[in-house]
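Spelled out from the first residue to the last, the chains are:
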Amino acid sequence: MKKTSTRLADGRELIYYDVRDDVVRDAVDRRPLDPIATASAVRTDPLLGEFVTIASHRQSRTYHPPADECPLCPSDGDRLSEIPDRSYDVAVFENRFPSLAGDAGRCEVVCFTPDHDASFADLTDERAGLVLEAWADRTAELSQLDSVRQVFCFENRGAEIGVTLGHPHGQIYGYPDVTPRTAQTLRSLAAHRERTGRNLFADVLDAELAGERVVLAGGHWVAFVPYAARWPYEVHLYPKRQVPDLLGLDEAARTEFAQIYLELLRRFDRIFGEGEPPTPYIAAWHQAPFGPLAEFDVRRDEFALHLELFTIRRTSGKLKFLAGSESGMGAFINDVPPEAAAARLREVASS
């Protein structure tokens, strides 16, 4: 992998990740851009103790542009985009409309491919592996910032999810504090250790490996539908060797990841049958926060890196909406039994 860092016209960082070492990235951003002005603020809910980000400047962000004005496609002639070069393998840049910025963290965009009409599932094993290397590299870099405590790599796919740019891409958030979801997980880790003397993640993985909800397993990864899945089709992907973050993956796990993950994504597109539109999904990496976790009474190495992949589509033409119980009380109701979801995801395996 070759990494090339440069700057866009407004000063934001842009990083190219290339498979070949002899690629030269020297294109200059020719757009007349003003410096970025953000208005992010992080507030804490006094009742829940959870932080909420206020980012009013995002109201003006780019919204469903036509394909020939896509800001994530490579620049070509007078059609200038966020990527000055005429081609790229994987590109990462600071978000022009960040939810988090300055002392409140950092937001980046990850472009998986220059092909506007492709998806992550269309990548080769080599290109998917390059994305994994980019995620790991950005995790390492962002973890060094004073304003970042937790790094979150994720992809939103599909208009139903709320995606405003159709080009295949993901995002990386560097949060200034431990997120509410992770904080609850850390508290559960501590309580389980106090009660049993064992690691909660290890016990969950052992139980799932012995059950009927395993979807796909390799030598280094296992994917399963969790016992208490919130979403109609939800798969958790774990490395079999527990590590706290992407940086902990060894070479064998990194190599196998592309094969396992691409197969999962392709199965997701077959869940609802032939002729159905691509399945909308969210793919989210869960990594341990950086720095000491004394306030949760856990060690960082007790956390287990994993990816959660889920769709809000519950059946053909119907979505799972977060209505009163889910949005108002945080109490999920799932229409699809996890065992049935796992069986369907096994059924649509590639031949």
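In this text, all values refer to a predicted model and were calculated from it rather than measured experimentally. (Residues numbered from 1 in each chain as written. Predicted model: local features only at pLDDT ≥ 70, side-chain atom pairs only at ≥ 80, totals over all residues. Heavy atoms only, no water.)

Participant: Outline the overall build of the protein, supporting the account with residue identities and numerical values.
Facilitator: From N to C terminus, the protein includes 6 helices and 15 strands. Summarising its shape, the C-alpha atoms of the protein cover approximately 60 × 50 × 45 Å along the three principal directions. The proportion of buried residues among the 351 residues of the protein is 51%. In the form shown here, the protein has an accessible surface area of approximately 16300 Å², with 50% of it arising from carbon and sulfur atoms. Considering the protein, the positive charge centre built from 40 side chains and the negative charge centre built from 55 side chains are found 2 Å apart. (Helix = DSSP H or I, 4+ residues; strand = E, 2+ residues; numbered from the N terminus. Buried < 20%, exposed > 50% of the residue type's maximum accessible area, 1.4 Å probe, protein only. Areas by Shrake-Rupley, 256 points an atom, 1.4 Å probe, with all protein chains shown as cover. Lys, Arg positive; Asp, Glu negative; His and termini not counted. Charge placed at Lys NZ, Arg CZ, Asp CG, Glu CD.)

Participant: Now, about the nonpolar core: what can you tell me, with residues and values included?
Facilitator: Within the largest apolar cluster, 55 residues are counted, with the highest numbers of intra-cluster contacts made by Phe120, Trp135, Leu237, Leu246 and Trp285. Sorting elements by how many residues they give to this core places helix α4 (residues 251–268) first, with 9 residues. For Phe120, the residues in contact, after removing those within four places along its chain, are Phe112, Ala128, Val131, Trp135, Glu155, Tyr261, Leu262, Leu265 and Tyr281. Counting 16 residues, the second largest nonpolar core, distinct from the first, contains Val178, Leu189, Ala288 and Ala304. (Core = buried A, V, L, I, M, F, W, Y, C linked by side-chain atoms within 4.5 Å. Contact = heavy atoms within 4.5 Å.)

Participant: Outline the packing of helix α1 (residues 125–142) against α4, listing residues and values.
Facilitator: Close contact between α1 and α4 brings their axes to 9 Å; oriented N to C, the two are set at 115 degrees. Remark: the crossing between α1 and α4 carries right-handed chirality. Between α1, through Asp125, Ala128, Gly129, Leu132, Glu133, Trp135 and Ala136, and α4, the contact on the second element is made entirely by Arg254, Phe257, Ala258, Gln259 and Leu262. Split by residue class, the contact of α1 with α4 holds 7 nonpolar, 2 polar and 3 charged. (Axes fitted to C-alpha atoms, helices over the stretch in contact; angles between N-to-C directions. Left-handed = near helix turned anticlockwise from the far one by under 90°. Nonpolar A, V, L, I, M, F, W, Y, C, P; charged D, E, K, R; others polar.)

Participant: Tell me about the sheet that holds strand β6 (residues 106–111), and name the residues and values.
Facilitator: With antiparallel pairing, the 11 strands of this open sheet are ordered in space as β1-β2-β5-β6-β8-β7-β12-β13-β11-β10-β9. The open sheet has two edge strands with one neighbour each: β1 (2–7) and β9 (214–217). Across the sheet, the mean angle separating the axes of adjacent strands is 20 degrees when strand polarity is ignored. Pairing analysis gives 4 bridges linking strand β7 (residues 150–157) to strand β12 (residues 281–286), with the strands arranged antiparallel. Bridge assignment links Phe154 to a residue of β12, and that residue is Ala284. Where α1 meets the sheet, it contacts β1, β2 (13–18), β5 (90–94), β6, β7, β8 (169–175) and β12, and its direction lies at approximately 140 degrees from that of β2. (Pairing = 2+ DSSP bridges.)

Participant: Quick rundown of the pairing of β7? Include the residues and the values.
Facilitator: Of all 8 residues making up β7, 7 are buried, and the element is well covered by its neighbours. Examined bridge by bridge, β7 and β8 share 5 bridges and lie antiparallel to one another. Its bridge partner being in β8, Phe152 is matched across the sheet by Tyr173.

Participant: Account for the packing of aromatic side chains, naming residues and giving values.
Facilitator: Scanning the entire structure with this criterion turns up 21 aromatic pairs. Where Trp231 meets Phe310, the ring centres are 4.8 Å apart and the plane angle is 10 degrees; that geometry is what we call stacked. Of the two residues, Trp231 is situated in the loop between β10 (221–224) and β11 (233–239) and Phe310 in strand β13 (residues 306–311); the sequence distance between them amounts to 79 residues. With respect to class, Trp231 is no different from Phe310; both count as buried. On the basis of an interplanar angle of 90 degrees and a centroid distance of 5.6 Å, the ring pair of Tyr233 and Phe272 is categorised as edge-to-face. Taken together, the positions of Tyr233 in strand β11 and Phe272 in the loop between α4 and β12 put the pair 39 residues apart, joining distant regions of the chain. With respect to class, Tyr233 is no different from Phe272; both count as buried. (Phe/Tyr/Trp six-rings, centres within 6.5 Å; stacked < 30°, edge-to-face > 60°.)

Participant: I'd like a description of the state of the cysteines, backed by residues and values.
Facilitator: Scanning the model with the defined rule gives 0 disulfides in all. Looking at the unpaired Cys107, the closest cysteine sulfur is the one in Cys153, lying at 12 Å. Residue Cys153 is classed as buried on the basis of its relative accessible area of 0%. (Disulfide = S-S within 2.5 Å.)

Participant: Which residues make up the pattern of salt bridges, and what are the values?
Facilitator: Tallied over the full model, the rule gives 35 salt bridges. The shortest N-O distance in the salt bridge between Arg106 and Glu13 comes to 2.9 Å. Taken together, the residues Arg106 in strand β6 and Glu13 in strand β2 connect sequence positions 93 residues apart. Side by side, Arg106 and Glu13 carry an identical accessibility label, which is buried. The closest approach of N and O atoms between Lys320 and Glu326, which form a salt bridge, is 2.6 Å. The same class applies to Lys320 and to Glu326, which are both buried. Here the residues in one salt-bridge network are Lys3, Arg7, Glu13, Glu94, Arg106, Glu108, Asp137, Arg138 and Glu141, joined through shared partners. (Salt bridge = Lys/Arg side-chain N within 4 Å of Asp/Glu carboxyl O.)

Participant: An account of α1 is needed here, citing residue identities and associated values.
Facilitator: Spanning 18 residues, α1 covers 26 Å between terminal C-alpha atoms, matching the ideal 26 Å at 1.5 Å per step. For α1, the set of buried residues is Ala128, Gly129, Leu130, Val131, Leu132, Ala134, Trp135, Ala136, Asp137, Arg138, Thr139 and Leu142. (Expected span 1.5 Å × (residues − 1).)

Participant: Which residues make up α4, and what values do they have?
Facilitator: If you check α4, its first and last C-alpha atoms are 26 Å apart, about what 18 residues at 1.5 Å a residue would give, namely 26 Å. The largest bend in α4 is about 30 degrees, located at Phe257. Of all 18 residues in α4, 13 are buried, a share of seventy percent or more. (Bend = angle between axes of the 7 residues up to and from the residue.)

Participant: Hey, could you go over the environment of Arg127 for me, with residue numbers and the actual values?
Facilitator: With respect to the secondary-structure elements, Arg127 resides in helix α1. Placed 14 residues apart in sequence, Arg127 and Thr113 show a C-alpha to C-alpha distance of 8.4 Å. Those residues within four positions of Arg127 in sequence are excluded, and the remaining contacts are Val19, Tyr88 and Asp89. One polar contact links Arg127 to Asp89, side chain to side chain, over a distance of 3.0 Å. (Polar contact = N/O pair within 3.5 Å; in protein donor to acceptor, adjacent residues only side chain to side chain.)

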